[in-house]
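Read off the chains here:
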Amino acid sequence: MASTPLPPASSSVSGNTQVHIDLGDRSYDILIGGGLLQAASFAGLPKSSKALIVTNTRVGPLYTARLRAALAPHHKTVLDVELPDGEQYKDWPALNQIFTKLLEEAADRKTVLYALGGGVVGDMTGFAAACYMRGVPFVQVPTTLLSQVDSSVGGKTAINHPAGKNMIGAFYQPQRVICDLDTLDTLPQKELLAGLAEVIKYGPIADADFLSWLEANMDKLLARDRAALMHAIKRSCEIKAWVVGQDEKESGLRAILNFGHTFGHAIESGMGYGEWLHGEAVGCGMVMAADLSARLGLIDEATSLRIKALIERTGLPVKGPDLGADRYIELMQVDKKAEGGEIKFVVVGPLGQASTRTAPDAMVRDVIAAHTR
Ligand code: NAD
Ligand code: GLY
């Protein structure tokens, strides 16, 4: 897929930083650093009398008060709504809780929504913002590593359907993304690892040097070294901004961000949402997609094993559940990249570049058999 060259990684990681995402009149900044839940981070955003913080029962008690204080100078009234916590609640009833709150409080079309939480809260708040009165502004305040490096950036919003992950949604860009690394202090290690899966993704698909950096710095990341986390988050956001800036609505290039997701989404929906963390399923899906890339002759086996070894080193699972090959294939046929029932896989080759393609049924079955138990 033709694209402009990826800008090199910026070397400095000291102090707070930002990444710009260039989308014409929908452009915005991603602020990355410590102590960002303060009034100055929210200056210059759309003005409104009312604001609504959308969070969940887990994150709300930790950070709503801090965000509310930061927003006080910017809005007369700051409301909040706490959704149930978990991927299994990324659904219509929870989404409707947001609309009910907005209508009960007579929120007008200038009301700004703030998504305070991980990818589930972010995706649902964005979708609610896209729909309420046909569109109100929203700001992403991601509090998981996964949401800071991926889901809060780029404007994909959605809820799940029992038959397919993220199948109901809209492209709708936030006004700003505020990644406060301090919020990661309360993040369970299992969730940090799930976020690392999406960080690792950016190496094979776009930046082989970043993959080498991750190999050299994985111990620091696992120990939550602040400078290492800053670099990983910034580089991930730079790569995502580079992709989304060229293909906002996924007519081509953006599909590479779904490396490992075709197999991963099948694991998530096949097991029932919430059983496997999204990042865990993506990590395992990348092992399968790397193997498929090798079987298609796009990378050598050693490169596929190198990707697997890095995922394994984080402690993420590298064997998927045994749903049966037929079930995997059935689930992958409802993937958004599928066309006319034909499954499109994101494959890597050479390392640092990715594309989408179909694969022979027998080869896909061999990959599933090799990486499930
Ligand atoms: P999540 O939102 O479920 O958060 C993980 C868990 O951590 C939850 O229990 C949450 O309450 C808790 N949590 C969040 N922040 C915390 C904090 N600071 N301290 C303590 N606990 C905290 O999951 P996630 O991994 O952030 O996001 C996964 C979701 O993101 C999936 O639904 C996936 O489909 C979506 N996603 C979307 C995109 C996109 O482009 N829109 C990209 C990748 C993933
Ligand atoms: N996480 C996939 C995308 O944003 O396109």
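Nothing here was measured: the structure is a model prediction, and the numbers come from that model. (Residues numbered from 1 in each chain as written. Chains lettered and ligands numbered in written order. Predicted model: local features only at pLDDT ≥ 70, side-chain atom pairs only at ≥ 80, totals over all residues. Heavy atoms only, no water.)

J.: If you had to explain the packing of helix H8 (residues 261-271) against helix H11 (residues 325-332) to someone new, which residues and values would you point to?
T.: Relative orientation of the contacting elements H8 and H11 amounts to 105°, with a least axis distance of 9 Å. Regarding the angle of H8 to H11, the classification is roughly perpendicular. Contact residues: Thr262, Phe263, Ala266, Ile267, Ser269 and Gly270 in H8; Tyr328, Leu331 and Met332 in H11. For the contact of H8 with H11, a count of residues per class yields six nonpolar, three polar and no charged. (Axes fitted to C-alpha atoms, helices over the stretch in contact; angles between N-to-C directions. Helix = DSSP H or I, 4+ residues; strand = E, 2+ residues; numbered from the N terminus. Parallel < 35°, antiparallel > 145°, perpendicular 65-115°, else oblique. Contact = heavy atoms within 4.5 Å. Nonpolar A, V, L, I, M, F, W, Y, C, P; charged D, E, K, R; others polar.)

J.: So what about the confidence of the model for the chain? Which residues, and what values?
T.: When pLDDT is averaged across the chain, the result is 96; 98% of the residues are at 70 or more. Per-element mean pLDDT across the chain ranges from 93 in strand E8 (residues 164-171) up to 99 in strand E6 (residues 138-142). (pLDDT = per-residue confidence, 0-100.)

J.: Describe helix H6 (residues 208-222), with residues and values.
T.: The α-helix winds at 3.6 residues per turn, so residues separated by three or four positions along the chain end up facing the same way. Here H6 is 15 residues long and its end C-alpha atoms lie 20 Å apart, about the 21 Å a rise of 1.5 Å per residue gives. The largest bend in H6 is about 55°, located at Ala216. Taken together, the buried positions of H6 are occupied by Phe210, Leu211, Leu214, Asn217, Met218 and Leu221. Against helix H5 (189-206), helix H7 (226-246) and helix H10 (301-314) lie the buried residues of H6. In the segment just after H6, Arg224 is the residue with positive phi, at about 65°. (Expected span 1.5 Å × (residues − 1). Bend = angle between axes of the 7 residues up to and from the residue. Buried < 20%, exposed > 50% of the residue type's maximum accessible area, 1.4 Å probe, protein only.)

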